[in-house]
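This is what each chain is made of:
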Amino acid sequence: MSNIKLLDCTLRDGGYINDWNFGYHTIKSIIRKLVDSQVDYVEVGFLRDCEYDRDKSLFNNCRQMEPILPEKRGNTMFTAMALHNKYNVDKLEPYDGRTIEAVRVTFHDYDIDEGLAFIRKVKAKGYKVFCNPINIMGYSDEQILELLKKVNEIQPYAFSVVDTFGSMMRADLQRIYSLIEHNLDPAIHIGLHLHENLALSYSLAQDFISMKASGRSSVIDGSMLGMGRVPGNLCLELIMDYMNKTQGGVYDVNPVLDGIDDHIERLKQIEPWGYSTAYALSAKFNLHRNYAEFLLGKGRLRAKQINQILASIEEHKKSAFDEAYAEKLYQRFQNHEVDDANLLSSLRQELQGCKILILAPGYSLVEREKEIKQFIAEKKPVVFCTNFASEQYEADYIFCANAARYEALEHKKPHRGVLVTSNLLDVCDEKMVLNYSNLYFDEKGSCDNSVIMLLKLLMKLGLHEVYVAGFDGYRTEGDNYVTSYLVNQHTDGQEVNRRNRRYVADIRKQMELVFLTDSVYDERE
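As the structure is a prediction and not an experimental result, all values here were calculated from the model.

**Q** Requested: an account of the overall build of the protein chain, with residues and values cited.
**A** When helices and strands are counted, the protein chain shows 20 helices and 18 strands. By principal-axis analysis of the C-alpha atoms, the protein chain measures approximately 80 × 45 × 45 Å. Evaluated residue by residue, the protein chain yields a buried proportion of 57% over its 525 residues. Partitioning the intrachain contacts of the protein chain with sequence separation of at least 6 by distance along the chain shows that 71% fall at a separation of at least 24. Approximately 22,700 Å² of the protein chain is accessible, and the part contributed by carbon and sulfur atoms is 46%. Side-chain charges in the protein chain split into 63 positive and 76 negative, and the spacing between the mean points of these groups amounts to 1 Å.

Written as structure tokens, this is what we have:
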């Protein structure tokens, strides 16, 4: 049998998908299936300062793990992970052979000494210890060598190559492995933890196996179906099969496949992991993944725009996510200052005394078409469509603040024209351009919802009454949009609902809003 071992981290790394709430019986079932597969190590979750819940794979101590571990373990070793600054090691009992045998300890490049001190304490309690430095791709060769000297002094069980941001390519792995192989004590295992940002984890695992020195023991991480924070991890079932075919492995893949069918597939409905363009871009620049998540959460950017923003992140900001910094970059990217005074004056004169109807792209435009058209025929309002061109209704204006939505307009120009915000200057040739920042920001913060921005514009123009249709809010069931191309997969619908409710409530203090269709935002105090 090869001296390459496999470790499953489904219950730990996969827990980022479901807040570690697998359920007590599911946790036990997953562990049982992994033991049946003869995987070498199972990471049962996090050691963390937390309120213990038996349905979650988060633990304050080893005693809490006892009920989930099987009596018959075969050759499988159990582990847990601890972030040195999120767990009080004094709560960890001395090793007694009844629960986990190893603890995997993580730390950043800016708190190495604290992490290594934590490792010493865990080792002193009798456990095998994995040393897992976060984002080894962020270390220079000199920093890696300096770290290895300190690690050799401690003599942990394993030292892991952790590609936190998924930015590693074959040449990087060769360089880093060579440094470690020639400078790490031969008795220490080398671990490998890969992420799927560049869709290279399975390929890199094979490269690692082919370049590994024959005398060096090693541990490769994987998870069932690659479960983990988007874009996910190396698939355990794939690397098991590869080990069986090429390394004399004796893993039984069938229990893992059963576990995927029974437990993991359904969890993809929460947040489907797998290759994602935005996370590939974050890997391209070796950035903390939260920068990509932050920009995706805006729900308004195309991939090429995310690429442009990520490219501007300064070197010293890459490894630790800074939300205020990310917001500043986003604002700077979105805002192109223009002089819109003449346009505002013209709109103010044109719209004074008019009834205004805003059509948002909610599905209620379809459900209530008859009533809306009757209102238009009777009241003859000036009609604004927000971020879309309606097939059902004739609009006077389209108001657009979103690059992807603008490109989808396909030059369907209403007779009075298209109003765009200045963040679209690079993708449009419209004449009526409004300052993005004046509609995006106010004293209460920022909001890039097109309806909210248009309402802010209308308030600036001195209008006191506006009718709204199709501003439904996000619904968990049924259709949300009048057409499928408007669907945004990256939007956290419930958070958007909460934010927009607050804005609508504030706007109603200054303007009369009349909803012609049902809306989650139509609330009165």
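Next comes the rest of the account.
**Q** Quick rundown of the pattern of salt bridges? Include the residues and the values.
**A** In a structure, side chains of opposite charge can pair up when their charged atoms sit close to one another. Within the structure shown, the criterion is met by 26 salt bridges. For Glu350, the salt bridge is made with Arg416, and the minimal N-O distance between the two is 2.5 Å. Residue Glu350 is located in helix α14 (residues 341-351), and its partner Arg416 is located in the loop between α17 (403-407) and β13 (417-421); the two are separated by 66 residues in the primary sequence. The exposure class assigned to Arg416 is partly exposed, which follows from its relative accessible area of 31%. Here Glu371 ties to Arg368 by a salt bridge, and the two come within 3.2 Å at their closest N and O atoms.

**Q** Kindly report on helix α3 (residues 24-36), identifying the contributing residues and their values.
**A** Here α3 spans 19 Å end to end across 13 residues, near enough to the 18 Å set by a 1.5 Å rise per residue. Along α3, the residues classified as buried are Tyr24, Thr26, Ile27, Ser29, Ile30, Ile31, Lys33, Leu34 and Val35. Following α3 by one or two positions, Gln38 has its phi on the positive side, about 70 degrees.

**Q** Mind laying out a negative patch on the surface, listing which residues take part and the relevant values?
**A** Taken together, Asp252, Asp258, Asp261 and Glu265 make up a surface patch of like negative charges. Secondary-structure assignment places Asp258 in helix α9 (residues 253-267).

**Q** Outline α14, supporting the account with residue identities and numerical values.
**A** Among the residues of α14, Leu343, Leu344, Leu347 and Leu351 are the ones counted as buried. Along α14, the residues classed as buried sweep out an arc of 100 degrees about the axis, all on the same side. With respect to the buried face of α14, the exposed residues turned more than 90 degrees away are Asn342 and Gln349. Residues of α14 that are buried make contact with β10 (356-359), β11 (382-386), β12 (397-400), β13, β14 (432-434) and α19 (450-460).

**Q** Describe in detail the side chain of Asn435, supporting the description with residues and values.
**A** Residue position: Asn435 is located in the loop between β14 and α18 (436-440). Given a relative accessible area of 5%, Asn435 falls into the buried group. Leave out the neighbours within four places in its chain, and Asn435 touches Asn335, His336, Glu337, Val338, Asp340 and Ser422.

**Q** For the packing of helix α7 (residues 201-211) against helix α8 (residues 236-246), give the residues involved together with the corresponding values.
**A** The contact between α7 and α8 brings their axes to 10 Å, and the two run at 35 degrees. The two elements α7 and α8 meet at a crossing, and its hand is right-handed. Between α7 and α8, the contacting residues are Tyr202, Ala205, Gln206 and Ile209 on the first element and Leu238, Ile239, Tyr242 and Met243 on the second. Residues belonging to the contact of α7 with α8 are distributed by class as follows: seven nonpolar, one polar and no charged.

**Q** How would you sum up the packing of α3 against α9? Please name residues and give values.
**A** With their axes 8 Å apart at the nearest point, α3 and α9 run at an angle of 160 degrees to one another. As judged from the angle between their axes, α3 and α9 are roughly antiparallel. The element α3 and its partner α9 pack so that their crossing is left-handed. Taking contact as the criterion, the partners of Thr26, Ser29, Ile30, Lys33, Leu34 and Asp36 in α3 are, on α9, Pro255, Val256, Asp258, Gly259, Asp262, His263, Ile264 and Arg266. In the contact of α3 with α9, the residues fall into five nonpolar, four polar and five charged.

Each value, and the rule that gives it
Each chain has its residues counted from 1, running along the sequence as written. For a predicted model such as this one, the threshold for reporting local features is a pLDDT of at least 70, and the threshold for listing and counting side-chain atom pairs is 80 or more; totals across whole chains, interfaces and linings nevertheless cover every residue. Derived side-chain values reflect all non-hydrogen atoms in the structure, with water molecules and hydrogen atoms excluded from consideration. Helix and strand definitions here come from DSSP, where helices need a minimum of 4 consecutive H or I residues and strands a minimum of 2 consecutive E residues; each element is numbered from the N-terminal end. Summary of the burial criterion: residues with accessible area below 20% of their type's maximum are buried, those above 50% are exposed, and those between are partly exposed, where the area comes from a 1.4 Å probe applied to protein chains only. Two residues form a contact once any of their heavy atoms are found within 4.5 Å. Surface accessibility follows the Shrake-Rupley procedure with a 1.4 Å probe radius. Residue values consider only the protein chains on display as shielding. Asp and Glu are treated as the negative residues and Lys and Arg as the positive ones, with His and the ends of the chain left uncounted. Charged side chains are reduced to one point each, which is NZ for Lys, CZ for Arg, CG for Asp and CD for Glu. The term salt bridge refers to a side-chain nitrogen of Lys or Arg lying within 4 Å of a carboxyl oxygen of Asp or Glu. Here, expected helix span is obtained from the residue count minus one, scaled by 1.5 Å. Residues form patches when they are more than 30% accessible in relative terms and have no salt bridge. Like charges link within 9 Å. Nonpolar side chains (Val, Leu, Ile, Met, Phe, Trp, Tyr) link within 5 Å. Directions pointing from the helix axis toward each C-beta atom define the arc. Each axis is a line fitted through C-alpha atoms, and for a helix only the stretch in contact is used; angles between axes span 0 to 180 degrees, taken between their N-to-C directions. In this scheme, a crossing is called left-handed if the near helix is turned counterclockwise away from the far one by less than a right angle; it is called right-handed if the turn is clockwise. Throughout, the ten residues Ala, Val, Leu, Ile, Met, Phe, Trp, Tyr, Cys and Pro are labelled nonpolar, Asp, Glu, Lys and Arg are labelled charged, and all others, Gly among them, are labelled polar. Each angle is binned into one of four classes, with values under 35 degrees roughly parallel, values over 145 roughly antiparallel, values of 65 to 115 roughly perpendicular, and all other values oblique.

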